[in-house]
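The lines below spell out each chain.
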Amino acid sequence: MSLTGRCALVTGASRGIGHAVAQRLVASGADVVMVARGAEVLTAAAEALGPHAHPLAGDISDPATVYALADTMAAQGLQPDILINNAGLFSLAPLATMAPADFTEMIQVNLVGPFLLLRSLVPGMTARGAGHVVSIGSVADRAVFPGNGAYAASKYGQRAMHEALRQELRGTGVRCTLISPAATDTPIWDPIDPDHQPGFPTRASMLRPEDVAEAVHWAVLQPAHVTIDELRLSSS
């Protein structure tokens, strides 16, 4: 079972879960368009994965950037039939004291960005009668913790968008999967230092990015008549 001949777009692909997903899909034979903000880090990450990894730097929360990405991919002969909406921001602050700009940025990247990408790519998938949209959710798409209001709002919204899209695309040949991992040990935790915060899981006890990548790989490899609506991952 391989993804040879398939093309995937992975956001937030320069590090963490996104990079692990890109690496796993490339290893399975797919051409992978890797998208992230930082061009230098992204290019280095893509070069490490070989010629089937294609770096395209850009901010997915900006509509003009997303439309430009679509044009660039078309010019390069890349037509993604798998979309992995993974890029996200995560920070903690009480809602009553959080800076409005920080709240807005989290919603833009975590929720508006995925919307812009699926709006850009899904019409082509439905026209071809095949495709797969995978949303990387979180335990925060169904549970809310103090200080986590903005992130949870974005992830609850992502879950709602997934459910609506799944119903809208039923019968088109385009599948939708929500993969919701528990806390995963990625650089997103560096500013928080959970090992020294009461009530937080230690990084050693968290999932690894490769665990999420394996779940993504398994979901997209299912036969065309099988849809994995949702997967919840937790550490043992």
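Notes on the structure follow. No experiment lies behind these values; they were computed from the predicted model shown.

## Some details on the overall build of the chain
Item 1. Helix and strand counts for the chain come out as six helices and seven strands.
Item 2. Beginning at the N terminus, the succession of helices and strands in the chain can be written as β-α-β-α-β-α-β-α-β-α-β-α-β.
Item 3. Computed over C-alpha atoms, the radius of gyration of the chain comes to 17 Å, within 12% of the 18 Å expected from 2.2 N^0.38 for 236 residues, which places it in the range of a compact globule.
Item 4. The principal-axis extent of the C-alpha atoms belonging to the chain is close to 50 × 40 × 40 Å.
Item 5. By the burial criterion, 48% of the 236 residues in the chain qualify as buried.
Item 6. When contacts within the chain are restricted to residue pairs at least 6 apart in sequence, long-range pairs at least 24 apart make up 65% of them.

## Quick notes on helix H5 (residues 149-168)
Item 1. In this model, H5 (20 residues) spans 28 Å end to end at C-alpha, consistent with the 28 Å of a helix rising 1.5 Å per residue.
Item 2. Turning to H5, its buried residues are Gly-149, Ala-150, Tyr-151, Ala-152, Ser-154, Lys-155, Gly-157, Gln-158, Arg-159, Met-161, His-162 and Leu-165.

## As for the sheet that holds strand S3 (residues 53-57)
Item 1. Taken together, seven strands build an open sheet; the order of strands is S3-S2-S1-S4-S5-S6-S7 and the sheet is parallel. Both edges of this open sheet fall to S3 and strand S7 (230-233), since each of them pairs with a single strand only. Adjacent strand axes in the sheet meet at a mean angle of 15° when their direction is disregarded.
Item 2. In the sheet, strand S2 (residues 31-36) pairs with S3 via five bridges, with the strands oriented parallel. Residue Val-35 lies in a different strand from S3, and its bridge partner there is Leu-56.
Item 3. Across the sheet, helix H1 (residues 16-27) lies against strand S1 (7-11), S2, S3 and strand S4 (82-85), angled at about 165° from S1, the strand it touches most.
Item 4. Sheet contacts for helix H6 (residues 209-220): S4, strand S5 (131-136), strand S6 (174-181) and S7; angle to S6, the most-contacted strand, approximately 160°.

Criteria and cut-off values
- Residues numbered from 1 in each chain as written.
- Predicted model: local features only at pLDDT ≥ 70, side-chain atom pairs only at ≥ 80, totals over all residues.
- Heavy atoms only, no water.
- Helix = DSSP H or I, 4+ residues; strand = E, 2+ residues; numbered from the N terminus.
- Rg over C-alpha atoms; globule rule 2.2 N^0.38 Å.
- Buried < 20%, exposed > 50% of the residue type's maximum accessible area, 1.4 Å probe, protein only.
- Contact = heavy atoms within 4.5 Å.
- Expected span 1.5 Å × (residues − 1).
- Pairing = 2+ DSSP bridges.
- Axes fitted to C-alpha atoms, helices over the stretch in contact; angles between N-to-C directions.

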